[in-house]
Structures are given as C-alpha cells and as structure tokens.
Amino acid sequence: MEFQAGVVTVSDKGSRGEREDLSGKEVVRMLQELSILVRETVIIPDEQDQIRQTLIDLSDKKGLDLIVTTGGTGVTPRDLTPDATLEVIDKALPGMAEAMRQESLKKTPHAMISRAVVGIRGQTLIINLPGSPRGVRENLAVVLPALKHALEKIKGDETECATP
Ligand SMILES: Nc1ncnc2c1ncn2[C@@H]1O[C@H](COP(=O)(O)OP(=O)(O)OP(=O)(O)O)[C@@H](O)[C@H]1O
Ligand SMILES: Nc1nc2c(c(=O)[nH]1)N[C@H]1C(S)=C(S)[C@@H](COP(=O)(O)O)O[C@H]1N2
C-alpha cells in the first residue's frame, strides 16, 4: 500500500522564521526513506487552537494516512501539542508512545518529561515527536519498524499478521 503523510512543526521560533526547521526536515527525510510520500509540511506556533485545527484539516480534508508532529511535547506552559492531539483523536495508541519513551530513556533522562501522544483520528495515525532534531531521529527510529503495518491495519487490512 502507498501512504501519504503530513509533517507539522510546532515551534514559535520556527514559525517566526527565527530558526531553520531542521526537525521537520529530519521527519521528511526519514519518512521518504520508508517510501512514504510527504504531501504537506507546515510550521505553526505553539497555539493549541491552531495545532488542533491543523490536525483536523490534514486528517479530514486532506485525507492523509499519517501526521507526524515535532515540538511542544514537554512541560513548559507553551508545550501544547499533546493536549491538542488528545482533543482530536478517537483512539489512543499508548504502545507506540510508551515504546518511544522507554527507548529514549536509555539515551536521556529528559525523555520522561516528553508527554508525546500517539493516536488515531478516523483513518489517520497521528504521532507526536519532541522538538529537537536528535529527539526526532531517536524517537521516530523506534516506531518505524511497526509504522507501515500500523498504517495498513488502520486502513482496514485484515490479512494475517506476519510477525517479524
Ligand atoms: N524545528 C526545530 N528545528 C531545529 N531545532 C529545533 C527545532 N525545534 C527545537 N529545536 C531545538 O531543540 C531545542 C529544544 O526545543 P524547544 O521545543 O524547547 O524549543 P524552543 O526554542 O524553546 O521553542 P520554540 O521552538 O517553540 O520556539 C531548541 O532549543 C532547539 O535547539
Ligand atoms: N530520544 C530522545 N528523546 C527526547 C529528547 C532527546 O534528545 N532524545 N529530548 C527530550 C527533551 S530535552 C524534552 S524537554 C522532551 C520534550 O521535548 P519538546 O518540548 O521539544 O517536544 O523530549 C525529550 N525526549
């Protein structure tokens, strides 16, 4: 199956043009390596309403299979990406989020303050990643081995699971 994705960078500095968005670029690179077509990339400030609306537009209007966000998963007052994600998902997928946190804890104790959420809205998988390029690389690498299988199942593929 072919999958189409959107990448959402949630960053005040990035959205003001004060810092090059290396993290969004890293997500795009990693998804393309998996032959997932990245159809939309957006950079928005850490505003909960704007994050929520962007997630709704990309899933409902654009019909994307996957949305990956980067940034705003921590605990500062303007880290609101998980809160916006929780507002829009129908189902949580805690296994993916916990796998990322668990592996990340082997690299940095700061991983325990990422509140990243993974969930499903309709037939769109939404994955939150931390803001730093390193956080993107390390977290996305954890879920990549199960990503296409998850996307197939979300689209209703009922063939038997071939366990790797
Ligand atoms: N989109 C990005 N591109 C490149 N580096 C980033 C990006 N987002 C975050 N970083 C790096 O990760 C660090 C921690 O990210 P954090 O989300 O706390 O950023 P911030 O600069 O405090 O906030 P904001 O990105 O919303 O302006 C930043 O200081 C920066 O070095
Ligand atoms: N694997 C991994 N996880 C990580 C990091 C990292 O560098 N590598 N950064 C951590 C840091 S420093 C923070 S504050 C939280 C939240 O990051 P965010 O607020 O930029 O989303 O993610 C954490 N998770």
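Per chain, the residues get numbers from 1 upward, laid out in the order the sequence is written. In the order they appear in the text, chains get letters beginning with A and ligands get numbers beginning with 1. Under the rules for a predicted model, residues below a pLDDT of 70 receive no local features and side-chain atom pairs below 80 are neither given nor counted, while totals for whole chains, interfaces and linings still include all residues.

Per an unreviewed UniProt entry, the chain goes by Molybdopterin adenylyltransferase and derives from Syntrophus gentianae. Turning to the chain, the UniProt record has this under Function (unreviewed entry): "Catalyzes the adenylation of molybdopterin as part of the biosynthesis of the molybdenum-cofactor." Here the chain is described in UniProt, under the heading Catalytic activity (unreviewed entry), as follows: "molybdopterin + ATP + H(+) = adenylyl-molybdopterin + diphosphate". UniProt positions are given in the numbering used here, feature names are shortened, and annotations may be inferred rather than shown by experiment.

**Student:** Is there a simple way to explain the UniProt feature "domain: MoaB/Mog" (unreviewed entry) in the chain in this structure?
**Tutor:** Annotation from UniProt places "domain: MoaB/Mog" (unreviewed entry) at residues 6–150. Annotated as residues 6–150, this span is 47% helix and 21% strand, and its ends, taken at the C-alpha atoms, are 16 Å apart. Each helix is a run of DSSP H or I of at least 4 residues and each strand a run of E of at least 2, with the numbering of both proceeding from the N terminus.

**Student:** What am I meant to see in the environment of Arg-137 here?
**Tutor:** Here Arg-137 lies in helix H6 (residues 133–154). Remark: the alpha-carbon pair of Arg-137 and Gly-6, spanning 131 residues in sequence, is separated by 17 Å.

**Student:** Looking at this structure, I do not really get the sheet that holds strand E2 (residues 37–44). What am I missing?
**Tutor:** Sheet strands associate in pairs through backbone hydrogen bonding, adopting either a parallel or an antiparallel arrangement. Spatially, six strands are ordered E2-E1-E3-E6-E5-E4 in an open sheet, and the strand pairing comes out mixed. Of all strands in the sheet, those with a lone pairing partner are E2 and strand E4 (91–92), marking the two edges. When strand E3 (residues 66–70) meets strand E6 (residues 124–129), the two strands line up parallel, connected through five bridges. Paired with Thr-69 across the two strands is Asn-128, which belongs to E6. Throughout, a residue-residue contact means that the two C-beta atoms, derived from backbone geometry, are no farther apart than 7 Å. Where helices are involved, their axes are fitted lines through C-alpha atoms of the stretch in contact, as for all axes, and angles between N-to-C directions lie from 0 to 180°. Across the sheet, helix H3 (residues 48–61) touches strand E1 (4–10), E2, E3, strand E5 (118–121) and E6, and the angle it forms with E2 is around 165 degrees. Contacts from helix H4 (residues 81–88) reach E1, E3, E5 and E6, with the element oriented near 165 degrees to E6. Whether two strands pair comes down to DSSP finding at least two bridges between them.

**Student:** Help me understand the site of ligand 1, please; the structure alone is not making it clear to me.
**Tutor:** By definition, a residue lies near a molecule or strand provided its backbone-derived C-beta atom is within 6 Å of it. Close to ligand 1 lie 15 residues; Ser-11, Asp-12, Lys-13, Gly-131 and Ser-132 are nearest. If you list the elements that add at least two residues to the shell around ligand 1, you get helix H1 (12–15) and helix H2 (22–33). Classifying every residue of the shell around ligand 1 gives two nonpolar, eight polar and five charged. Under the scheme applied, nonpolar residues are Ala, Val, Leu, Ile, Met, Phe, Trp, Tyr, Cys and Pro; charged residues are Asp, Glu, Lys and Arg; polar residues are all the others, including Gly.

**Student:** Before we go on, may I ask you to explain the site of ligand 2 in this structure?
**Tutor:** In the vicinity of ligand 2 lie 19 residues, with Thr-73, Gly-74, Ser-104, Gly-131 and Glu-138 positioned nearest. Counting residues per element, the shell around ligand 2 draws most heavily on H6, at four residues. Here the shell around ligand 2 is built from residues that sort into three nonpolar, 12 polar and four charged.

**Student:** How do you make sense of the nonpolar core when you look at a structure like this?
**Tutor:** Proteins that are soluble and globular tend to have nonpolar side chains buried together. In these notes, a nonpolar core means any group of buried Ala, Val, Leu, Ile, Met, Phe, Trp, Tyr and Cys residues linked to one another through C-beta atoms within 7 Å. Around each residue's C-beta, the other C-beta atoms within 10 Å are counted; 20 or more make the residue buried, 12 or fewer make it exposed, and counts in between make it partly exposed. All C-beta atoms are placed from the backbone. Ranked by size, the top nonpolar core spans 34 residues in total, and within it Ala-5, Leu-66, Ile-67, Val-68 and Ile-127 carry the most contacts. Mapped by element, the contributors of at least two residues to this core are E1, H2, H3, E3, H4, helix H5 (94–105), E6 and H6. With five residues, H6 is the largest single contributor of residues to this core. Look past the residues within four positions of Ile-127 in its chain and what remains in contact with it is Val-68, Met-96, Val-118 and Val-143.

**Student:** Hey, could you run me through the pairing of E5 in this one?
**Tutor:** Each regular strand shows side chains that alternate between the opposite faces of the sheet. When E4 meets E5, the two strands line up antiparallel, connected through two bridges. Each bridged residue has a counterpart across the sheet, and for Ala-92 the counterpart in E5 is Gly-119. Between E5 and the antiparallel strand that follows it, E6, lie two residues; Gly-122 among them carries a positive phi value of about 60 degrees.

**Student:** Is there a simple way to think about the environment of Thr-54 in this case?
**Tutor:** By the secondary structure assignment, Thr-54 is in helix H3. We classify Thr-54 as buried; it has 21 C-beta atoms within 10 Å. For the pair Thr-54 and Ala-84, spaced 30 residues apart in sequence, the C-alpha separation works out to 9.8 Å. Every residue in contact with Thr-54, bar those within four places of it in the chain, is listed here: Val-8, Val-42 and Ile-44.

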